[in-house]
Every structure is written in C-alpha cells, then in structure tokens.
Amino acid sequence: MKSQALSLPGRETAARFFPAVLLGLALLIAQSLGAHARGAPESFADLADKVSPAVVNITTSTMVATASSPHGDGGPIIPEGSPFEDFFRDFMERNGPNGAPQRPRRSSALGSGFVISEDGFIVTNNHVIAEADEISIEFFSGEELPAKVIGTDPKTDLALLKVETEKPLSFVPWGNSDNARVGDWVMAMGNPLGQGFSVSAGIVSARGRALSGSYDDFIQTDAAINRGNSGGPLFNMDGEVIGINTAILSPNGGSIGIGFAMSSRVATNVIEQLKEFGETRRGWLGVRIQDVTDDVAEAIGLEKAKGALITDVLEGPSLDAGIKTGDVILSFDGTDVDDTRGLVQLVGNTEVGKSVRVVVFREGKTETVMVTLGRRETAENTEMADGSPDMDMQEPQDAEILGMTVTAVTPQIAEEMELGEDSSGLVVKEVDEASDAFEKGMRPGDVITQAGQVEVSTIEELEARIADATDAGRKSILLLIRRAGGPSFVALSLE
C-alpha cells in the first residue's frame, strides 16, 4: 500500500512532465529552424548564378593631353628658379623628352554596372564614365557592346547608360534599402582591380552614412569592395539591388572591410529622372538653413532641438509663400523634419511644382504655410537677389555687448569690408577670448543683422532686444550673423 501511495504521485508528475518536455522540444526545434533561416546561407552560388547575367564590366577610353614639364618624368631635372627653367619649359611644350612632338594619348579606366531593364538601360557611378570618349560594356557571357550616356548626377555620383541590342537582356530588380537591417547578409558583384566578374559577401555594417553630399544615404558593408567595383550592385538575399557600390575607406587603396553603397532609396528616384529627362529635377525651397542646437532652441522657446532653422530666404518659393528668416521648419509635406540633412533630402525628392504644407515654428507658435516648390538646378544657375534692408546712415559708435565690441555698419565700413552698398547691421570689431561669444565662434568681422529674430542696425536696437529677452526670462539670445556673405545663427548666453 505504501508503494502504491508513493507511485500514484509519480504517475501524475509524469503526466504533467512529458507534455512540458514535448512543448520544450517543439520550442527548441522552432528556434533552431528560425535561427537557421536567419543565419548565413550555406552558399551564395545560387544567388550568384541568378544575378550574374545582369552584372557588367565597364571599360572607358579617354583622350588626354600628355603633360610636359622640365620636371616631368623622362625629361631633364632643372632646379626651380634656374635661368634655364623657362627655356626647357618652352622646349618641352613643343617636343617630347626625346625630341619628338608630344601627342595626346588614350587613357583607359575600369568600373562595374548592372542592367535594370531588358531594353538595355545600365546603372553605374558617374565617376566611372566621367569625361569618357568611348564606353564599352562587357557582359557575363563575354559579349561586348558600346554604350551611350543617357544622364548623370554628380551629386549622388550616379549615371545611366544605354546599349542597343536586338535581344532582351537579363536584368535585376531594385529592392527597398529601407528594409535592410544592420547585420543582414549582402553580396557585392563587380570588376575589382580589373580582374573580371567577381563576387564578395558580407553584412550590412551600418545604415544612413553620409560622406560629403547633401543627398548621401550610404549603406556601409564589410563585403570586399575594391577599385573597379565602383558602380556595381549590392544585392540582398532575394537578388534585389539595394545599393550601388561607390566608395571605400582605406589607408592603402585596398578593401579593409569598410565600403559604401548608395542606397536604392536615393538611386531609384535619380535614375528614373535621368531616364525620363536625361537630368535630375529636384525640388527647391529657396532658403538657407542650419541645424537647431540646444542653445538655439532655448533662445527661441522651442521645446526640443529639432528641425531646420532658416538663416536666409532667397528670391523664390519660400519668399513668395511668406516664410521668414528665423523660422524653424518642423514638418515638410506631412513628414517631420529632424535636421537640415533630412529636410534637404525631403525637398530634393519632391516633385518640382508641387504645393506642399510646411509647418514652421515662429515667435513661440507653429504656423502652416503652403509652398510651391521650384527647381534646384534652375536656381543654382540663377543669381539670387540680395534682400538686405536699407543701411542706417548714422555716425558709428562702439559699445561693449556680450563680450564683443560692436559698431553700426556705415557706408565707409561697408566699402572697406566689401559688404555691399545696401548692407546694414552691427559689425564685430573685437571679441573677448574669455567670453561665451568667443567660445561660440564669434570673430572680428562678423556682422550681426538680427537679434531675437528681429532686424537690428543700431546699438540701441541690439540692447533693446537683449533687454526684451532678459525680461522674458531667456537664458540666451539668438543672433543672426553674416560672415563672408553666408548667414548663420548663434545663441549667446545672457547670464
């Protein structure tokens, strides 16, 4: 009986235990399968076979003049300043180092690209084909075809080419780079160092990298990218192009695992414009902007340091819509604006001529303004009008304010500083190196045109604006300054 009494709880325990074990095993199997699905593929061979026919090698040829110099290779070495320097320079310009006339020579360069349509449109980097006289496309099959340039965009370093062929070509689709996650596997293809079709694999190391351009949105990868890979595709595991291999970070010119591919999010819009128009057509607001810092946000009463602060309004869409210097753009066409880079990309990717809602922060509250966008490329080729207010003609006087010695701009000062006939404001003559103004970058020669987002042209006006800010409990005041013609905001402490 005692044995039965002890065995009964054991059966109940087993009845509860085995289902739990089975459930645990099922979870482990599911986790194992999930980890296998997300892990590294056993091979990239199937993917490489699938996309290879659409990846191309690009060879360009350019006629270049042969440089001749008394200090050039193959010629005599003449010390600079020697009385014979001019003689040998003239001689070498007429003749080669061996006495033969100098002739232009043909220079070749290599790059990569990929086909995006069966009728022969090919994407590559602009720097691969820039200034090329001839462009030859080599396909994976070994076939070669000449290509012509449809359009280029130096700002994103992209170019669109076209080959003529009677048969449909293999091509690869675009993917959505915004869906790529750090850690995802990617595969690069191209023509590294002229070695022909080559495959490398790695992961997405980082997203949203900016190198030097306003429209940069690079994917960073550790997939091997070398010279000659430029213009080649970066694939996700579905065989979609999510980036165009463009640049590497390297101390020696070879891959060290830090490569950059322009995201398809940027590239698709640019390539579509090049295909339709042969050029880019980016939206344009007509403003100069800077990021909102913490001290600037405090100075204007903005809760968070975000948005794009307008430092200047040019003749164009924003001026026509009533946007003002000192406004902070918080939203553009329904999308929040975090910083200047984000706004530039939003505006640039918006259709020219579209009317958009722009939410601005002005004098402590938000306002919505409708702006009809212009075209950036047209604006860049047009000289903008100077909308400076009339100059105050009073006699100059100096004052010590916020660690600076300032004086009103006069016609004589404007002429001496080459500020322009219609310049106004207060010019900074000296800056105390122990002051907040010096720490914030104020320097002699800066011209203060606004204080507290109100134009100032006299010392009395500046002092009045400082008093207003102090009375309002502000810890700092926002100054708009111009330096070498460029505007920027600086928030100076009032404490």
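Residues numbered from 1 in each chain as written. Predicted model: local features only at pLDDT ≥ 70, side-chain atom pairs only at ≥ 80, totals over all residues. Heavy atoms only, no water.

### Focus on empty space enclosed by the protein
All chains considered together, the criterion is met by two cavities of 30 Å³ or more. Approximately 70 Å³ is the volume found for the largest cavity. Residue lining of the largest cavity: Tyr215, Val266, Asn269, Val270, Gln273, Thr280, Arg282, Gln345, Gly348 and Asn349, and that is the complete set. Contributing elements (two or more residues each) for the lining of the largest cavity: α5 (264–277) and α8 (340–348). For the lining of the largest cavity, the leading source of residues is α5, giving four residues. Per-class residue counts for the lining of the largest cavity are three nonpolar, six polar and one charged. Space inside the second largest cavity adds up to approximately 30 Å³. Contributing to the lining of the second largest cavity are Ala223, Ile225, Ile248, Leu249, Ser255, Ile256, Gly257, Ile258 and Gly259. Here the residues of the lining of the second largest cavity sort into six nonpolar, three polar and no charged. (1 Å grid on protein atoms, 1.4 Å probe; cavity = no way out; pocket = protein on both sides within 12 Å on 5 of 7 lines; lining within 4 Å. Points joined across faces, edges and corners; volume = space filled by probe spheres on them. Helix = DSSP H or I, 4+ residues; strand = E, 2+ residues; numbered from the N terminus. Nonpolar A, V, L, I, M, F, W, Y, C, P; charged D, E, K, R; others polar.)

### Brief notes about the sheet that holds strand β7 (residues 185–190)
Strand order in the closed barrel made by the six strands is β7-β8-β9-β12-β11-β10, with antiparallel pairing throughout. Averaged over all pairs of adjacent strands, the angle between their axes in this sheet comes to 45 degrees, without regard to strand direction. Relative to strand β8 (residues 198–209), β7 is paired through six bridges, and the arrangement is antiparallel. When the bridges of β8 are listed, Met187 appears paired with Ala201. Across the sheet, α5 lies against β11 (241–248) and β12 (259–263), angled at about 50 degrees from β12, the strand it touches most. (Pairing = 2+ DSSP bridges. Axes fitted to C-alpha atoms, helices over the stretch in contact; angles between N-to-C directions. Contact = heavy atoms within 4.5 Å.)

### A word on α8
If you check which residues of α8 are buried, you get Thr340, Leu343, Gln345, Val347 and Gly348. Looking at the buried positions of α8, the neighbouring elements they touch are α5, β13 (283–284), β14 (287–291), β15 (308–313) and β16 (328–332). (Buried < 20%, exposed > 50% of the residue type's maximum accessible area, 1.4 Å probe, protein only.)

### Structural notes on the nonpolar core
Looking at soluble globular proteins, one finds that nonpolar side chains tend to be buried together. Grouped together as the largest cluster of nonpolar side chains are 41 residues, with contacts concentrated most on Ile58, Ile137, Phe139, Leu161, Val163, Met187 and Phe235. The contacts of Val163, once residues within four sequence positions are left out, are Asp119, Gly120, Ile122, Ile137, Phe139, Leu145, Pro146, Ala147 and Leu169. By size, the runner-up hydrophobic cluster in this structure holds 22 residues, among which are Ile401, Leu426, Val428 and Leu462. (Core = buried A, V, L, I, M, F, W, Y, C linked by side-chain atoms within 4.5 Å.)

### Overview of a negative patch on the surface
A cluster of like negative charges, contributed by Glu400, Glu430, Asp432 and Glu433, occupies part of the molecular surface. If you trace the backbone, Glu400 turns up in strand β21 (residues 398–401). (Patch = residues over 30% accessible without salt bridge, like charges linked within 9 Å, V, L, I, M, F, W, Y side chains within 5 Å. Areas by Shrake-Rupley, 256 points an atom, 1.4 Å probe, with all protein chains shown as cover. Salt bridge = Lys/Arg side-chain N within 4 Å of Asp/Glu carboxyl O. Lys, Arg positive; Asp, Glu negative; His and termini not counted. Charge placed at Lys NZ, Arg CZ, Asp CG, Glu CD.)

### Some details on the packing of aromatic side chains
Tallied over the full model, the rule gives four aromatic pairs. For the pair Phe114 and Trp174, a centre-to-centre distance of 5.6 Å together with 80 degrees between the ring planes defines the contact as edge-to-face. On the criterion of sequence distance, the pair formed by Phe114 in strand β2 (residues 105–115) and Trp174 in the loop between β6 (158–163) and β7 is long-range, its members being 60 residues apart. Assessed through its relative accessible area of 24%, Trp174 is described here as partly exposed. Ring centres of Phe218 and Phe260 lie 6.3 Å apart, and the angle between their planes is 75 degrees; on these two criteria the pair is classed as edge-to-face. Note that Phe218 is positioned in strand β9 (residues 218–221) and Phe260 in strand β12, a separation of 42 residues in sequence. For the pair shown, Phe218 and Phe260 are each scored as buried. When the ring centre of Tyr215 is taken as reference, the NZ or CZ atom of Arg282 above it lies at 4.2 Å. Note that Arg443 overlies the ring of Phe438, its terminal NZ or CZ placed 3.8 Å from the centroid. (Phe/Tyr/Trp six-rings, centres within 6.5 Å; stacked < 30°, edge-to-face > 60°. Lys NZ or Arg CZ within 6 Å of the ring centre and 35° of its normal.)

### Quick word on the pairing of strand β5 (residues 144–153)
Side chains on a regular strand alternate between the two faces of the sheet. The pairing of strand β4 (residues 134–138) with β5 spans three bridges and is classified as antiparallel. Note on β5: the bridge partner recorded for Ser136 is Pro146. With six bridges joining them, β5 and β6 adopt antiparallel strand pairing. Within the sheet, the bridge partner assigned to Asp153 lies in β6 and is Leu158.

### What to know about the pairing of β21
By the alternation rule, side chains of β21 split into Ala399 and Ile401, which are all buried, and Asp398 and Glu400, of which none is buried. By the bridge criterion, four bridges tie β21 to strand β22 (residues 404–408) in an arrangement that is antiparallel. Residue pairing in the sheet places Ile401 in a bridge with Met404 of β22. In this antiparallel pair of consecutive strands, β21 and β22, the connection spans two residues, and Leu402 shows a positive phi of 55 degrees.

### Digging into the confidence of the model for the chain
In the predicted model, the chain carries a mean pLDDT of 81, and the fraction of residues at 70 or more is 79%. Per-element averaging of pLDDT across the chain places helix α1 (residues 2–38) at the bottom with 44 and strand β10 (residues 233–235) at the top with 97. Long-range and interchain partners of residues 1–15, a stretch whose pLDDT sits below 50, account for one contact in this model, where long-range means more than four residues apart. Segment residues 29–37: pLDDT under 50, and one contact once partners within four positions in sequence are set aside and those in other chains are kept. (pLDDT = per-residue confidence, 0-100.)

### With respect to helix α12 (residues 459–471)
Counted at 1.5 Å a residue, the expected span for α12 with its 13 residues is 18 Å, and the 18 Å between its end C-alpha atoms agrees. Listed in full, the buried residues belonging to α12 are Ile459, Leu462, Ile466 and Ala469. Angularly, the buried residues of α12 cover 90 degrees about the axis, an arc narrow enough to put them on a single face. Its buried side turned inward, α12 meets β21, β22, β23 (426–431), β24 (447–451) and β26 (476–483). Backbone geometry just after α12 places Gly473 at a positive phi near 80 degrees. (Expected span 1.5 Å × (residues − 1). Arc of directions from axis to C-beta.)

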